[in-house]
Amino acid sequence: MAKPVLKRTVDLLMTLALLLLMSYSLIGEAAHEWIGMGMFLLFIVHLVLNRKWIGSLGKGRWSAYRSVQTVLATLCFLAMAGLVVSGIILSNYIFAGLRIRGWSTPARQAHLLCSYWGFILMSLHLGLHWSMVLAAARRFFKAPWL
């Protein structure tokens, strides 16, 4: 699979996973954990596929757009890190064997905080790349009106 196609596929799967994760009461706790782990793995793949962008942060000129994009990506990373750590603490299925006791209340609060802010931040991140999304949709659907 070509790298651009892989990148788009990973991004699409992350978007779908995010929407499923936000419907916790509909999918149940076990599915939420498994989809969350899938989202985390997709996030790692996303970072690896975009390592050239990460490596170029110390180079070139910094426009307002680049600054906003970098701050947003950093905040998304922090939200995802908070979600992973709090999710592991709260886990009743995947990481149930760890038996981390006494942290469930702060972990639940952190998980909710990171999930809501993460949803907003990831939506903004997607919005900054909206022209790329539309270009991909035009190519896929061969629709000039998009």
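The numbering scheme is per chain: residues are counted from 1 as the chain's sequence reads. Local features in a predicted model are, by the rule used here, given only for residues with pLDDT of at least 70; side-chain atom pairs are given and counted only at 80 or more, and totals for whole chains, interfaces and linings are based on all residues. Side-chain figures throughout are based on the complete set of non-hydrogen atoms in the structure, without hydrogens or water.

J.: I tried to follow the layout of surface pockets on my own but got confused; where do I start?
T.: Sizing a probe to match a water molecule and rolling it over the atoms shows the empty space that remains. Cavities and pockets are defined on a 1 Å grid built over the protein atoms alone: a cavity is a set of grid points where a 1.4 Å probe fits but cannot escape, while a pocket is an open set with protein on both sides within 12 Å along at least five of seven lines, and lining residues are those with an atom within 4 Å of any such point. Grid points are joined across faces, edges and corners, and a volume is the space filled by probe spheres set on the points. When its volume is computed, the largest pocket comes out at roughly 1400 Å³. Looking at the largest pocket, it is lined by 41 residues, and the ones nearest its centre are Lys-7, Asp-11, His-46, Leu-126 and His-129. Working definition: helices are DSSP H or I runs of at least four residues, strands are E runs of at least two. Numbering for both runs from the N terminus. If you list the elements that add at least two residues to the lining of the largest pocket, you get helix H1 (3–21), helix H3 (29–49), helix H4 (51–55), helix H5 (64–90), helix H6 (104–128) and helix H7 (130–141). If one sorts the elements of the lining of the largest pocket by residue count, H1 sits on top with 11 residues.

J.: Please explain the confidence of the model for the chain as it appears in this structure.
T.: Close inspection of predicted coordinates is inappropriate for parts of the model with low pLDDT. Of the residues in the chain, 97% reach a pLDDT of 70 or more, and the chain-wide mean stands at 92. Predicted confidence in the chain is weakest over H7, with a mean pLDDT of 81, and strongest over H3, with 97. By definition, pLDDT measures how confident the predictor is in each residue, and it falls between 0 and 100.

J.: What am I meant to see in the environment of Leu-90 here?
T.: As for its position among the elements, Leu-90 is in helix H5. Think of it in three bands: with a 1.4 Å probe and only protein chains considered, a residue is buried below 20% of the maximum accessible area for its type, exposed above 50%, and partly exposed in between. Judged by relative accessible area, Leu-90 falls into the buried class, the value being 17%. Whether two residues are in contact is decided by their heavy atoms, any of which lying within 4.5 Å being enough. Residues contacting Leu-90, with those up to four places away along its chain left out, are Glu-29, Glu-33, Ser-104, Ala-107, Arg-108 and His-111.

J.: Explain the nonpolar core here, please?
T.: Soluble globular proteins: nonpolar side chains tend toward being buried together. Grouped together as the largest cluster of nonpolar side chains are 15 residues, with contacts concentrated most on Val-10, Met-14, Met-39, Met-80, Leu-121 and Met-122. Listing elements by their share of this core, those giving two or more residues are H1, H3, H5 and H6. Among the elements that line this core, the one with the most residues is H1, at 5 residues. Working definition of a nonpolar core: buried Ala, Val, Leu, Ile, Met, Phe, Trp, Tyr and Cys residues. They are joined through side-chain atoms within 4.5 Å.

J.: Please clarify how unusual backbone geometry should be interpreted in this entry.
T.: Across the chain, the bulk of peptide bonds are trans and the bulk of non-glycine residues have phi less than zero. With a phi angle near 50 degrees, Arg-99 is a residue other than glycine that sits in the positive phi range. When you line up the elements, Arg-99 lands in the loop between H5 and H6. Residue Arg-99 is classed as exposed on the basis of its relative accessible area of 57%.

J.: Mind showing me how you'd approach the packing of H1 against H3 here?
T.: Two quantities define a packed helix pair, namely the angle between the helix axes and the distance between the axes. Only the stretch in contact is used when a helix axis is fitted, and all axes are lines through C-alpha atoms; the angle between N-to-C directions ranges over 0 to 180 degrees. Relative to each other, H1 and H3 sit at 150 degrees, their axes nearing to 9 Å. One way to sum up the angle between H1 and H3 is to call them roughly antiparallel. Here the hand of the crossing between H1 and H3 comes out left-handed. In this structure, H1 uses Lys-3, Leu-6, Lys-7, Val-10, Asp-11, Leu-13, Met-14, Ala-17, Leu-18, Leu-20 and Leu-21 to contact H3, whose residues at the interface are His-32, Ile-35, Gly-36, Met-39, Leu-42, Phe-43, Val-45, His-46 and Leu-49. Gly counts as polar in this scheme, as do all residues outside two lists: the nonpolar Ala, Val, Leu, Ile, Met, Phe, Trp, Tyr, Cys and Pro, and the charged Asp, Glu, Lys and Arg. Among the residues forming the contact of H1 with H3, the class breakdown is 14 nonpolar, 3 polar and 3 charged. Under this scheme an angle from 65 to 115 degrees is roughly perpendicular, one under 35 degrees roughly parallel, and one over 145 degrees roughly antiparallel; angles in between are oblique. In a left-handed crossing the near helix is turned counterclockwise from the far helix by less than a right angle, and in a right-handed crossing that turn is clockwise.

J.: Help me understand the side chain of Glu-33, please; the structure alone is not making it clear to me.
T.: Take Glu-33: it is sitting in helix H3. A residue counts as positive if it is Lys or Arg and as negative if it is Asp or Glu; His and the chain ends are not included. Salt bridge, as applied in this entry: a Lys or Arg side-chain nitrogen positioned within 4 Å of an Asp or Glu carboxyl oxygen. Buried and without a salt bridge, Glu-33 has Arg-108 as its closest oppositely charged side chain, separated by 8.8 Å. Within the local environment of Glu-33, its side chain forms a polar contact with the backbone nitrogen of Ile-94, the two atoms lying 3.0 Å apart. Not counting residues within four places of it along the chain, the set of residues in contact with Glu-33 comprises Leu-90, Ser-91, Asn-92, Tyr-93, Ile-94 and Phe-95. Pairing of N or O atoms within 3.5 Å defines a polar contact, subject to two protein rules: one partner must be a possible hydrogen donor and the other a possible acceptor, and residues neighboring in sequence count only if both atoms are side-chain atoms.

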